[in-house]
Every structure is written in C-alpha cells, then in structure tokens.
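# Results of the structural survey
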Amino acid sequence: MKILFLGDVMGRAGRRAVTENLSRLRTDWKLDFVVVNAENATSGMGLSGSHAKTLLDAGADCLTLGDHAFDQKDMLQFIEQEPRVIRPLNFSKAAPGKGAGLFTTRSGRKVLVAQALGQVFMKRPFDDPFSALEPVLKTHPRGGMAQAVIVDFHCEATSEKMAMGHFCDGRASLVAGTHTHVPTADAMVLPRGTGYITDAGMCGDYHSVIGMEKTEPLRRFITGMPKERFTPANGEATLSGVYIETDDRTGVTTRIAMIRKGGILEPAAP
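Every residue gets a number counted from 1 within its own chain, in the order that chain's sequence is written. Selection of residues for local features in this predicted model requires a pLDDT of at least 70, selection of side-chain atom pairs for listing and counting requires 80 or more, and totals for whole chains, interfaces and linings are taken over all residues. Hydrogens and water molecules were not included; the side-chain quantities draw on all heavy atoms of the structure.

What follows deals with the overall build of the protein chain. In DSSP terms, a helix is any run of H or I states spanning at least four residues, a strand is any run of E spanning at least two, and both are numbered starting from the N terminus. Helix and strand counts for the protein chain come out as six helices and 14 strands. Viewed in the frame of its principal axes, the protein chain has a C-alpha envelope of about 55 × 40 × 35 Å. Each residue is assigned to one of three classes by its accessible area relative to the maximum for its type, calculated with a 1.4 Å probe on protein chains only: buried under 20%, partly exposed between the two thresholds, exposed over 50%. When burial is assessed residue by residue, the protein chain has 57% of its 270 residues classed as buried. Working rule for contacts: check all heavy atoms of both residues, and any pair within 4.5 Å makes them a contact. Looking at the protein chain alone, contacts between residues at least 24 apart form 62% of all its contacts between residues at least 6 apart. Each accessible area is a Shrake-Rupley result for a 1.4 Å probe, and residues are judged covered by the shown protein chains and nothing else. Within the structure as shown, the protein chain displays about 11,400 Å² of accessible surface, and the carbon and sulfur contribution to it stands at 54%. Here the protein chain carries 32 positive and 30 negative side-chain charges, and the mean point of each set is 3 Å from the other. Note that His is not counted, nor are the chain ends; the positive residues are Lys and Arg, and the negative ones are Asp and Glu. For this purpose, a charge sits on NZ of Lys, CZ of Arg, CG of Asp or CD of Glu.

Regarding helix H5 (residues 158-168), the residues found buried are Glu-160, Lys-161, Met-164, Gly-165 and Cys-168. Viewed end-on, H5 has its buried residues packed into an arc of 145°, placing them on one side of the element. Relative to its buried face, H5 has exposed residues pointing more than 90 degrees away, namely Ser-159 and His-166. Backbone geometry just after H5 places Gly-170 at a positive phi near 90°. Arc definition: directions from the helix axis to the C-beta atoms.

Below, the discussion takes up the packing of aromatic side chains. In summary, the pairing rule links any two rings of Phe, Tyr or Trp, Trp by its six-membered ring, whose centres are within 6.5 Å, and it sorts them by plane angle into stacked for under 30 degrees, edge-to-face for over 60 and tilted for everything else. In total, this model carries five aromatic pairs according to the counting rule given. Summarising the aromatic geometry, the rings of Phe-130 and Phe-167 are spaced 5.2 Å apart at their centres and angled 90° between planes, so their arrangement reads as edge-to-face. On the criterion of sequence distance, the pair formed by Phe-130 in helix H4 (residues 129-139) and Phe-167 in helix H5 is long-range, its members being 37 residues apart. The exposure class assigned to Phe-167 is partly exposed, which follows from its relative accessible area of 27%. Here a set of aromatic residues connected by ring pairs shows up, and it is made of Phe-70, Phe-91 and Phe-126. The aromatic ring of Phe-167 is capped on one face by Arg-171, whose charged end is 4.8 Å from the ring centroid. Two limits define a charge over a ring: the Lys NZ or Arg CZ must be within 6 Å of the ring centre, and within 35 degrees of the ring normal.

With that out of the way, let us pick up the nonpolar core. Residues grouped as a nonpolar core are buried Ala, Val, Leu, Ile, Met, Phe, Trp, Tyr and Cys residues, joined through side-chain atoms within 4.5 Å. Formed by 39 residues in total, the largest nonpolar core has its most connected members in Leu-4, Val-18, Leu-47, Leu-63, Met-75 and Val-85. Mapped by element, the contributors of at least two residues to this core are strand S1 (2-6), helix H1 (11-28), strand S3 (33-37), helix H2 (49-57), helix H3 (75-81), strand S13 (239-246) and strand S14 (253-261). In terms of residue count, the dominant contributor to this core is H1 (five residues). Counting residues in hydrophobic clusters, the runner-up holds 20 residues, among them Ile-3, Ile-150, Leu-174 and Met-258.

You can see Asp-57 is positioned in helix H2. On the accessibility criterion, Asp-57 (67% relative accessible area) is exposed. Along the sequence, Asp-57 and Gly-241 sit 184 residues apart, while their C-alpha atoms lie 19 Å from each other.

What follows covers the side chain of Arg-26. As for its position among the elements, Arg-26 is in helix H1. Excluding its chain neighbours within four sequence positions, the residues that come into contact with Arg-26 are Leu-31, Asp-32, Phe-33, Val-34, Gly-59, Asp-61 and Arg-106.

Below, the discussion takes up H4. Every α-helix winds through 3.6 residues per turn, so residues three or four apart in the chain are directed the same way. Burial in H4 covers these residues: Pro-129, Ala-132, Leu-133, Val-136 and Leu-137. When H4 is viewed along its axis, its buried side chains cluster within an angular range of 125° and face the same direction. Elements that come into contact with the buried residues of H4 comprise strand S6 (100-104), strand S7 (110-117), strand S8 (148-154) and H5. Polar contacts, as used here, are pairs of N or O atoms within 3.5 Å; protein pairs need one atom able to donate a hydrogen and one able to accept it. Residues neighboring in sequence count only if both atoms are side-chain atoms. Two to three positions downstream of the cap, the backbone nitrogen of Phe-130 sits 3.1 Å from a side-chain oxygen, assigning the N-cap of H4 to Asp-128.

To continue, consider the pattern of salt bridges. Once the charged atoms of two side chains with opposite charge are near each other, the side chains can pair. Any carboxyl oxygen of Asp or Glu within 4 Å of a side-chain nitrogen of Lys or Arg constitutes a salt bridge here. Under the criterion given, the structure shown has 11 salt bridges. For the salt bridge of Glu-216 with Arg-220, the shortest nitrogen-to-oxygen distance reads 2.8 Å. Taken together, the residues Glu-216 and Arg-220, both in helix H6 (residues 215-223) and four residues apart, mark about one turn of the helix. Given the relative accessible area of 3%, Glu-216 is considered buried.

The next point concerns the sheet that holds S1. Strand order across the open sheet formed by six strands is S5-S4-S3-S1-S13-S14, with mixed pairing between neighbours. In this open sheet, the two edge strands, each paired with only one partner strand, are strand S5 (85-86) and S14. Here a strand pair is declared whenever DSSP counts at least two bridges between the two strands. As judged from the three bridges shared by S3 and strand S4 (residues 62-64), these two strands associate in the parallel manner. Its bridge partner lying in S4, Asn-37 is registered against Thr-64. Across the sheet, H1 touches S1, S3, S13 and S14, and the angle it forms with S13 is around 25°. Helix axes are fitted only over the stretch in contact, all axes being lines through C-alpha atoms; the angle between N-to-C directions runs from 0 to 180 degrees.

Written out as structure tokens, the structure is:
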C-alpha cells in the first residue's frame with residue numbers, strides 16, 4: 001500500500017492546505033490510505049465537528065486528535081457518531097470515542113490506526129502509553145488482521161518518541177510522532193520493518209511560532225507577560241508529513257519519505 005500521514009493541521013491555513021491539495025495528491029501519488037492529525041485544526045485548539053467533516057471530505061480516511069482532543073466541546077458528541085475520528089488511547093477512561101480503529105481501504109485492504117499520548121513534559125498526567133498500545137498491537141498483528149498498522153504518538157519529548165518507535169518495531173508499519181509542529185529529519189525504516197519519524201511536522205504557516213502568529217508569543221518570551229490570546233498564523237501553509245509503502249503480506253514498510261509541499265519549507269515528495 002501507499003500511505004500518507006500528515007502532521008498537525010494548524011488553523012485555517014492548515015485546513016486550506018489540506019482541502020486544496022489532498023484530493024490531487026491522492027491521485028498523483030496513487031494513495032491507498034491517508035491519516036491526518038487534526039487536533040489543532042480549529043483556531044489552533046482542538047477540532048470541531050464541522051472542520052472534521054471538511055477534512056474527511058477533502059480526502060482523509062482517518063483523523064487523529066491529541067491532548068487538545070476535546071477543546072471544542074461539540075467533539076464530545078461528534079466523535080461518538082464518526083468512527084473515522086480517533087482520540088488517544090490513554091486520554092481518559094471516561095473519554096468518548098475510541099483510541100484505535102480498523103479501517104477498510106477502497107481496494108478492500110485493512111489498516112489499523114491507533115494513537116497514544118506521551119507522558120514526558122506534557123501539561124497533564126496521562127496513563128502509560130506503552131501499556132495502552134500493547135493490547136491493540138497484540139490483537140491486530142501486522143500483516144494479519146491488518147495489512148498495515150499506523151501509530152500516531154502525540155508527544156513532546158524526542159526520547160520518548162524514539163522509545164515508542166523501537167517498542168513498536170516489528171509490530172507497526174509506521175510510528176509517526178506529532179505534537180511539536182516541527183518536522184524532524186530522521187525518517188527511516190527500523191530493523192524489523194517499521195517506518196519511523198520523530199515528528200511529522202505541521203500543516204500550517206511556518207512563518208510563525210509553531211503555527212501561531214508571532215507577536216504574542218514573542219511578547220511573552222521577552223516580557224514574561226501575556227497581553228492577548230494566541231491566534232494561528234494565516235499565511236501560505238506547508239503540508240508536512242511522511243509517506244510510506246508497505247508489503248500487504250507482512251505489513252513491513254519497504255520505503256519511507258518525508259513530505260513537504262507549499263509554503264516556505266524546502267519541498268520534499270515521494
């Protein structure tokens with residue numbers, strides 16, 4: 001399979017980049033499945049039901065969330081009605097929705113998507129992500145029940161993300177880090193066939209401070225005092241993510257490539 005994973009969609013600029021490009025990329029790159037992390041798609045804080053529909057209609061097969069999963073209150077109800085939206089497995093035992101889903105591609109192949117939140121440097125204490133993922137990986141063997149297994153690890157610390165990559169090696173087809181909004185240059189295939197990248201980056205305006213308009217973050221860094229709310233930057237966005245090709249029989253990733261399209265970052269394509 002040919003699978004595209006796009007990093008955190010940031011505000012209006014990120015949504016616009018997805019809606020204007022994804023349908024064409026599906027055709028041009030002959031994509032079988034697309035996962036989009038959308039947890040900052042609505043004003044940089046969470047995802048609304050209407051914006052989820054917009055991204056799904058644009059060509060996403062699955063949307064993942066993160067620590068801002070329910071900042072938009074209508075997501076509490078929407079996620080129960082829309083199985084293509086996945087929240088972190090270890091968010092809360094009382095959280096609505098599911099932390100993993102088994103999806104069928106247009107050609108009939110099965111793809112498992114799961115998400116977990118890291119613990120290191122995160123503002124809230126979350127349950128152990130490794131033990132949360134373990135039963136999901138055991139019950140959905142790569143190349144068995146699922147032809148491909150995708151893990152979105154939404155996490156601050158690069159060390160924790162790397163540890164998760166090695167934990168999933170041989171069991172996932174891809175472990176993609178999200179959350180920091182900065183793409184890392186370490187896309188690789190691990191020894192047992194798992195594609196890995198520490199952070200897929202964001203789909204947003206990079207002429208910013210991790211997607212936010214620069215003035216208020218700069219003021220707070222310089223003075224230590226807030227004045228206004230953060231607002232997402234709305235210039236031309238870069239689509240950032242990772243592309244993999246997998247073997248249906250084994251679920252092994254045979255090829256991985258970083259993706260950057262549009263905006264001010266250097267382009268990269270499969």
